[in-house]
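Structure at a glance
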Amino acid sequence: MTTTKPVLLKLLEDPASRRFLAVLTALALIVPCLNLLVPEGSVFHVSTYTLTLLGKYLCYALLALSVDLIWGYCGILSLGHGAFFALGGYAMGMYLMRQIGERGVYGDPILPDFMVFLNWQELPWFWLGFDQFWFAMVMVILAPGILAFVFGWLAFRSRVTGVYLSIITQALTFALMLAFFRNEMGFGGNNGLTDFKDLLGFDLQSDATRNSLFFISALALGLAYLLCQWLTRSKFGRVLVAVRDAESRTRFMGYRVEYYKLFVFVVSAVLAGIAGALYVPQVGIINPGEFSPINSIEIIVWVAIGGRGTLYGAVIGAFIVNYAKTYFTAAFPDLWLFLLGGLFVVSTLYLPKGIIGLSRRLVPALSGTGKQAVKEAGQ
Amino acid sequence: MPLLAADPESAAGTDGLRASLEAMAKASFSEKSALIAGIAGSGDDRARVILEALLDGNLQYRKEDLRPVYLDENEEGDFLVDALTGENLGAISSKRKVKKITINNQLRGELKLAIAGFKLSQADAGARAEAARSIINGPEPELLPLVADAIDVETEPDVRELLGYARASIIVANRIGDADQLIAALSLLGEATDRNVISLVSRFLLKDEEGNYLEKDPRLVEVAEASLNELKAKQSFYQILQNVFFGVSLGSVLLLTAVGLAITFGVMGVINMAHGEMIMIGAYTTYTVQLLMPNLIGASILVAVPMAFLASGAMGILIERLVIRHLYGRPLETLLATFGISLILQQLVRSIYSPLNRSVITPDWMSGSLAINGMFSLTYNRLYIVIFSLLVLLALMLLLKKTHFGLQMRAVTLNRSMASSMGIRTGWIDALTFGLGSGIAGVAGVALSQLTNVGPNLGQAYIIDSFMVVVFGGVGNLFGTLFAAMSLGIANKFAEPFAGAVLAKILILVFIILFIQKYPRGLFAIKGRFVED
């Protein structure tokens, strides 16, 4: 721990980071207080619905952060990052499924409901061990990590880049979606995993658990931010940027580009998996729809709107776009896709650096716009 | 409701038939039997339709004057049609004014026989063959003398052969005659090519619980076994042919959807994520054209092809001029922007046409199937799509190789800056190329509208497959696209029986991911020296 301290201090020297972490800490502390301590009738009361919604946004923000790490700093446009998110989510979902035990509709002590429904006699081998929390947590990291490693190793070694890479990442998540839709796969098919009861013995419906999950999500986001910040500020990060801007030149200078890419891709996939694992207990369901290509591509727009290559921009983008989505799909459902489509076009044509870039250009002195955006999204 | 193809001019002969039918209204079952025999023997060409309607229970009579009629309905309510002339007799207030001519099981058998007799004596050889096939599929013992008579007078060797199988089927199915007759019939059936024959023959090979044949005569078992093996071999051969055909038809669809993508990617180096929506626009154009010309469904498809090309092409040029033009050299941004456009187009279609699926009517000349034999048939819509996609590919090749525009396009594909310095207006070429690629996608939409329902997500279902074709085949080479589309289509159809449709698709995707390890630029990449960055 003694060696990380100076690194941590160094990271906090950056004013934007300091401000971002301050806002995040405030959010993580104030929102649960407003939910638990302020009485329900008060204007300052944050309902449990809003709390869960914000918790969901925090998970999305972590996901956006993981995408920004590879896209913003290494130029890898992954259109399949939702796959890693969903894998992490499924690992968590499998643990939660095993926790239901005899409280399921069919009351089977071992088998989840959908397996009883399919007339399965025993648990498939890949479900073994998921009754242990530690094992599930290891799988949250390993499942996306190993997939990213194998996929990345194959792709980067043969120098699949640019649009080709984007297309095959999309094919990857599409293939996984088809696979998870099959009942025979043993992941609940169409309906996915749901009806969760408790996590480590804590009731998922209780306000205390929800507040804790919210706080943990914020904590995970903060830690992931520091990790990404550390990675990108280091010498390693400079090589990543070099790969992004001129891959061949970097290779000619003697760097093993594929290893750099592979490493950052795996880190990013693991972060996405953690985001998925935090997401599932808060929304209470994971199904194959999370693998759908459109979900993955939506993540890209969060990052693009916020501003790629800034890390906190991705977080802001995730909050803004998702808040807009929550608002518009409820108020003007027909308008949402026009707006989302428009965001893609506008952000690529006119906002190549996203909102962060815009605010820097409009008001060079004021760089606090990002903070306000987070506050707005949080209300 | 069978509508009568009668022409009211020929009143001659109608009278006898009309009298018989009017008599039938009040007749007893035994009297009806005699009347049916009379109608069947009358040689009247309307008799068959009447008998079929009688068999199906559609033939009614008007209570006031016993006139034989069909009951039909339109949006204004029920109305009557004269069964013999097809004349509209006007609306009726209540269905009670008509009554069905009832039949019993015995009459039903007689009717079937009479109808089969009519079918076997039709003038058209194809129709007679069809009748013989239907007897193979429903070998009822009463038909035997009919078939035997038909064989004697049949002049077409092919139909005669089929009738021979029909007779053998009846003999085998009902165990008519002695063992020698059965053996002859069984061994003849080995040469037949109908699915039903397999089950007929294998009935002789059923075993009891101890594994002994139920059939006591060992000679019959032996012949049946030999015939069955022959039939099974033929069946698996035709199964492979069928799979190839399905694969080729799927490949043609992939070819149509992917070829436009390959062109735009080849020339401009950008992936058009809105390509699927160009397909969708083409499909909706087909739907709209059909709405505009409801009485000419057969011709509407032919009108829809150029319309879809223009609609999607114009949309493509619009997108290129408004958005993509500003993003050159930034392929990833182009990908995102076009994805945004695809969302907008989908929602636009949802707002205009409603989110529900619309079905496009398949014209008569595209429905049905071409039966090569009882085990192998080609559905017309797929057959036409195969032909159509090859025509589109041919037209595209001519455009690329023989026209000035094609020459310029190929020049831009190979070396943009060099082409530009030779005086080619690359901006225009880009716009036209994008329009061309999108237009072909629109044409693909017309073809797809014949296979599936038209909905806002139509394009999405095919877009990833199209990408796979482009990645597999490489860009800038139409043969590469053709090869990739066909091989992926066929591979998909062959993997399906072993792995199921979904798993087959997954396997193909995994294969492609592994494939581009070896050929990162596709199978037919343009040779040359390229330096990125």
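Residues numbered from 1 in each chain as written. Chains lettered and ligands numbered in written order. Predicted model: local features only at pLDDT ≥ 70, side-chain atom pairs only at ≥ 80, totals over all residues. Heavy atoms only, no water.

Structural notes on the overall build of chain B
Definition in use: Under the scheme used here, helices are H or I runs from DSSP no shorter than 4 residues and strands are E runs no shorter than 2 residues, and both carry numbers assigned from the N terminus. C-alpha atoms define the radius of gyration in this analysis, and the globule rule sets the expected value at 2.2 Å times the number of residues to the power 0.38. Throughout this description, buried means an accessible area under 20% of the type-specific maximum (1.4 Å probe, protein chains only), exposed means over 50%, and partly exposed covers the range between. Contact between two residues is taken to exist if any of their heavy atoms lie within 4.5 Å; hydrogens are not considered. His is not counted here, nor are the chain ends, while Lys and Arg score as positive and Asp and Glu score as negative. Taken as the charge location is NZ of Lys, CZ of Arg, CG of Asp or CD of Glu.
In terms of helices and strands, chain B carries 20 helices and 7 strands. By the compact-globule yardstick of 24 Å for 533 residues, chain B is too spread out, its C-alpha radius of gyration being 31 Å. Of all 533 residues assigned to chain B, the portion counted as buried reaches 49%. Contacts in chain B between residues far apart in sequence, at least 24 positions, make up 69% of those at least 6 positions apart. Both charge centroids of chain B, one from 45 positive and one from 50 negative side chains, sit 10 Å from each other.

Overview of the overall build of chain A
Basically, it comes down to this: Here the open area of atoms and residues is found with the Shrake-Rupley method and a 1.4 Å probe, where only the protein chains shown may cover a residue.
Secondary structure assignment for chain A yields 16 helices and 4 strands. Computed over the C-alpha atoms, the radius of gyration of chain A is 21 Å, within 12% of the 21 Å expected from 2.2 N^0.38 for a compact globule of 379 residues. In chain A, which comprises 379 residues, the proportion classed as buried is 58%. For chain A, long-range pairs separated by at least 24 residues make up 77% of all intrachain contacts whose partners lie at least 6 apart in sequence. When the accessible area of chain A is evaluated, it comes to approximately 16400 Å², of which 65% is carbon and sulfur surface.

Comments concerning a nonpolar patch on the surface
All names here are of chain A. Threshold: Two joining distances apply to patches: 9 Å for like charges and 5 Å for nonpolar side chains (Val, Leu, Ile, Met, Phe, Trp, Tyr), and every residue must have over 30% relative accessible area and no salt bridge. By salt bridge we mean one thing: a side-chain nitrogen of Lys or Arg within 4 Å of a carboxyl oxygen of Asp or Glu.
On the surface, a nonpolar cluster with roughly 690 Å² of combined accessible area is contributed by Trp 134, Val 138, Leu 142, Ile 146, Phe 149, Val 150 and Trp 153. Inspection of the secondary structure assignment puts Trp 153 in helix 6 (residues 133–157). The exposure class of Trp 153 is partly exposed, given its relative accessible area of 39%.

Remarks on the packing of aromatic side chains
Between two aromatic rings, the relevant description is the distance of the centres plus the angle of the planes. Rule in force here: A pair of aromatic rings is counted whenever rings of Phe, Tyr or Trp (Trp by its six-membered ring) have centres within 6.5 Å, and the orientation is called stacked for planes under 30 degrees apart, edge-to-face for over 60 and tilted otherwise.
All chains considered together, the criterion is met by 35 aromatic pairs over all chains. Ring geometry for Tyr 327 of chain A against Phe 332 of chain A: centres 6.5 Å apart, planes inclined by 70°, an arrangement best described as edge-to-face. Their ring planes at 70° and their centres at 4.7 Å tell us that Phe 472 of chain B and Phe 515 of chain B sit as a pair that is edge-to-face. Separated by 43 residues along the polypeptide, Phe 472 of chain B in helix 18 (residues 458–473) and Phe 515 of chain B in helix 20 (residues 501–518) bring together distant segments of the chain. With relative accessibility at 7%, the residue Phe 472 of chain B sits in the buried group. Three or more aromatic residues joined by ring pairs form one cluster here, namely Tyr 90, Trp 125, Phe 126, Phe 180, Phe 187 and Phe 291 of chain A.

A few points about the domain arrangement of chain B
Residue and element names in this part refer to chain B. We count it as follows: What marks off one domain from the next here is an automatic or database domain assignment. In this description, buried area is defined as the sum, over both parts, of the accessible area (probe of 1.4 Å) that is lost when the two are combined. Identification of polar contacts relies on pairs of N or O atoms within 3.5 Å, with a donor-acceptor requirement for protein atoms, meaning one able to donate a hydrogen and the other able to accept it, and with residues adjacent in sequence counted only if both atoms are side-chain atoms. Lys, Arg, Asp and Glu make up the charged group, whereas Ala, Val, Leu, Ile, Met, Phe, Trp, Tyr, Cys and Pro make up the nonpolar group; the residues left over, Gly among them, are polar.
For chain B, the assigned domains are domain 1 (11–106), domain 2 (139–216) and domain 3 (237–532). In this structure, domain 2 and domain 3 have C-alpha centres spaced 49 Å apart. Contact with domain 2, which involves 4 residues of that partner, is made by 5 residues of domain 3. Buried area between domain 2 and domain 3, both sides added, is near 400 Å², and the carbon and sulfur share of it is 52%. When residues of domain 2 are sorted by the area they lose upon contact with domain 3, Thr 193, Asp 194 and Arg 195 head the list and together hold 90% of the total. Connecting domain 2 to domain 3 are 0 salt bridges. Remark: the boundary between domain 2 and domain 3 carries 0 residue pairs in polar contact (both at pLDDT 80 or more). A breakdown of the residues in the side of domain 2 that touches domain 3 according to their chemical character gives 1 nonpolar, 1 polar and 2 charged.

Things to note about the pattern of salt bridges
A full pass over the atoms with the stated rule returns 9 salt bridges over all chains. With its nearest N and O atoms 3.4 Å apart, the salt bridge here joins Arg 256 of chain A to Glu 258 of chain A. Exposure remark for Arg 256 of chain A: the relative accessible area of 45% places this residue in the partly exposed category. Taking relative accessible area as the criterion, Glu 258 of chain A reaches 16% and is therefore assigned buried. Among the ionic pairs, Asp 430 of chain B bridges to Arg 416 of chain B, the shortest N-O distance being 2.9 Å. Here Asp 430 of chain B is found in helix 17 (residues 426–449), whereas its partner Arg 416 of chain B is found in helix 16 (residues 416–421), with 14 residues between them in sequence.

Description of the packing of helix 18 of chain B against helix 20 of chain B
Residue and element names in this part refer to chain B. In plain terms, the rule: Angular values range over 0 to 180 degrees, each being the angle between N-to-C directions of two axes fitted as lines to C-alpha atoms, with helices fitted over their stretch in contact. Should the near helix be turned counterclockwise from the far one by less than a right angle, the crossing is left-handed, whereas a clockwise turn marks it as right-handed.
The geometry of helix 18 relative to helix 20 is characterised by a closest axis approach of 10 Å and an angle of 30° between their N-to-C directions. At the point where helix 18 passes helix 20, the crossing takes the left-handed sense. Counted together, Asp 465, Met 468, Val 471 and Phe 472 of helix 18 and Lys 505, Leu 509, Phe 511, Ile 512, Phe 515 and Ile 516 of helix 20 form the full contact between these two elements.

Some thoughts on the interface of chain A and chain B
Every contact between the two is made by 45 residues of chain A and, on the other side, 42 residues of chain B. For the pair chain A and chain B, the summed buried area comes to about 3900 Å², and 77% of that belongs to carbon and sulfur atoms. Among the residues chain A hides against chain B, the three largest losses belong to Val 163, Tyr 164 and Phe 338 of chain A. Together they make up 18% of the total. Along the contact surface separating chain A from chain B lie 1 salt bridge. A salt bridge links Arg 308 of chain A to Glu 333 of chain B; the shortest N-O distance between them is 3.4 Å. Where the side of chain A that touches chain B is concerned, the elements lending two or more residues are helix 6, helix 7 (162–181), helix 10 (247–252), helix 12 (293–306) and helix 14 (333–349) of chain A.

Comments concerning the nonpolar core
Taken as a class, soluble globular proteins show a tendency for nonpolar side chains to be buried jointly. Let me state the cut-off plainly: Definition of nonpolar core: a set of buried residues of the types Ala, Val, Leu, Ile, Met, Phe, Trp, Tyr and Cys, connected through side-chain atoms within 4.5 Å.
Ranked by size, the top nonpolar core spans 214 residues in total, and within it Leu 65, Trp 71, Trp 127, Leu 193, Phe 291 and Trp 302 of chain A together with Met 468 of chain B carry the most contacts. It is helix 3 (residues 48–74) of chain A that contributes the most residues to this core, 18 residues altogether. In this view, Trp 127 of chain A contacts Met 94, Met 97, Arg 98, Pro 112, Phe 114, Met 115, Gly 186, Phe 187 and Leu 193 of chain A; residues no more than four positions away in its chain are not counted. Counting residues in hydrophobic clusters, the runner-up holds 45 residues, among them Ile 151, Ile 170, Val 172 and Leu 228 of chain B.

A word on the packing of helix 3 of chain A against helix 13 (residues 312–331) of chain A
All names here are of chain A. Stated formally: An angle counts as roughly parallel when it lies under 35 degrees, as roughly antiparallel when it exceeds 145, as roughly perpendicular when it falls between 65 and 115, and as oblique in every other case.
In contact at an axis separation of 8 Å, helix 3 and helix 13 are set at 135° when each is read in the N-to-C sense. Here helix 13 runs oblique to helix 3, going by the angle between their axes. When you trace helix 3 past helix 13, the crossing you get is right-handed. Residues Tyr 49, Leu 53, Leu 54, Tyr 57, Leu 58, Tyr 60, Ala 61, Ala 64, Leu 65 and Asp 68 of helix 3 pack against Ala 314, Val 315, Ala 318, Phe 319, Asn 322, Tyr 323 and Thr 326 of helix 13. Class assignment for the residues of the contact of helix 3 with helix 13 results in 14 nonpolar, 2 polar and 1 charged.

Description of helix 10 (residues 218–268) of chain B
Residues and elements named next belong to chain B. In plain terms, the rule: Expected span of a helix: the number of residues minus one, times 1.5 Å. Two axes define the bend at a residue: one fitted to the seven residues ending there, one fitted to the seven starting there, and the bend is the angle between them.
When the terminal C-alpha atoms of helix 10 are compared, their 73 Å separation across 51 residues agrees well with the 75 Å that a helix rising 1.5 Å per residue should span. Ala 258 marks where helix 10 bends most, by close to 35°. Of the residues one or two after helix 10, Gly 269 is the one with positive phi, at around 70°.

Structural notes on unusual backbone geometry
Even without a glycine there, the phi angle at Leu 311 of chain A is positive, about 65°. With respect to the helices and strands, Leu 311 of chain A occurs in the loop between helix 12 and helix 13. Backbone geometry places Ser 354 of chain B, a non-glycine residue, at a positive phi of 75°. Positionally, Ser 354 of chain B belongs in the loop between helix 13 (331–353) and strand 6 (369–373).

Side note on the sheet that holds strand 3 (residues 77–82) of chain B
All names here are of chain B. Here is the rule: Here, strands pair whenever DSSP counts at least two bridges between them.
Ordered in space as 4-3-2-1-5, the 5 strands form an open sheet in which the pairing is antiparallel. Because the sheet does not close on itself, it has two edges, and the strands there are strand 4 (88–91) and strand 5 (98–100). Put simply, the sheet's adjacent strands are angled 40° from each other on average, direction ignored. Where strand 1 (residues 59–62) meets strand 2 (residues 68–74), 3 bridges bridge the pair, whose relative direction is antiparallel. Considered in strand 2, the bridge of Tyr 61 is made with Pro 68.

Considering the pairing of strand 7 (residues 376–379) of chain B
All names here are of chain B. Alternating residues of strand 7 divide into Phe 376 and Leu 378, all buried, and Ser 377 and Thr 379, none buried. Looking at chain direction, strand 6 and strand 7 are connected through 4 bridges and run antiparallel. The partner of Asn 373 across the bridge, within strand 7, is Phe 376.

Things to note about the side chain of Asp 68 of chain A
All names here are of chain A. Here Asp 68 is to be found in helix 3. Nearest to the buried, unbridged Asp 68 among oppositely charged side chains is Arg 308, at 5.8 Å. A polar atom in the side chain of Asp 68 sits 3.4 Å from the backbone nitrogen of Thr 310.

Things to note about a positive patch on the surface
A surface patch of positive charge is lined by Lys 26, Lys 63, Arg 96 and Lys 99 of chain B. Positionally, Lys 26 of chain B belongs in helix 1 (residues 14–26).

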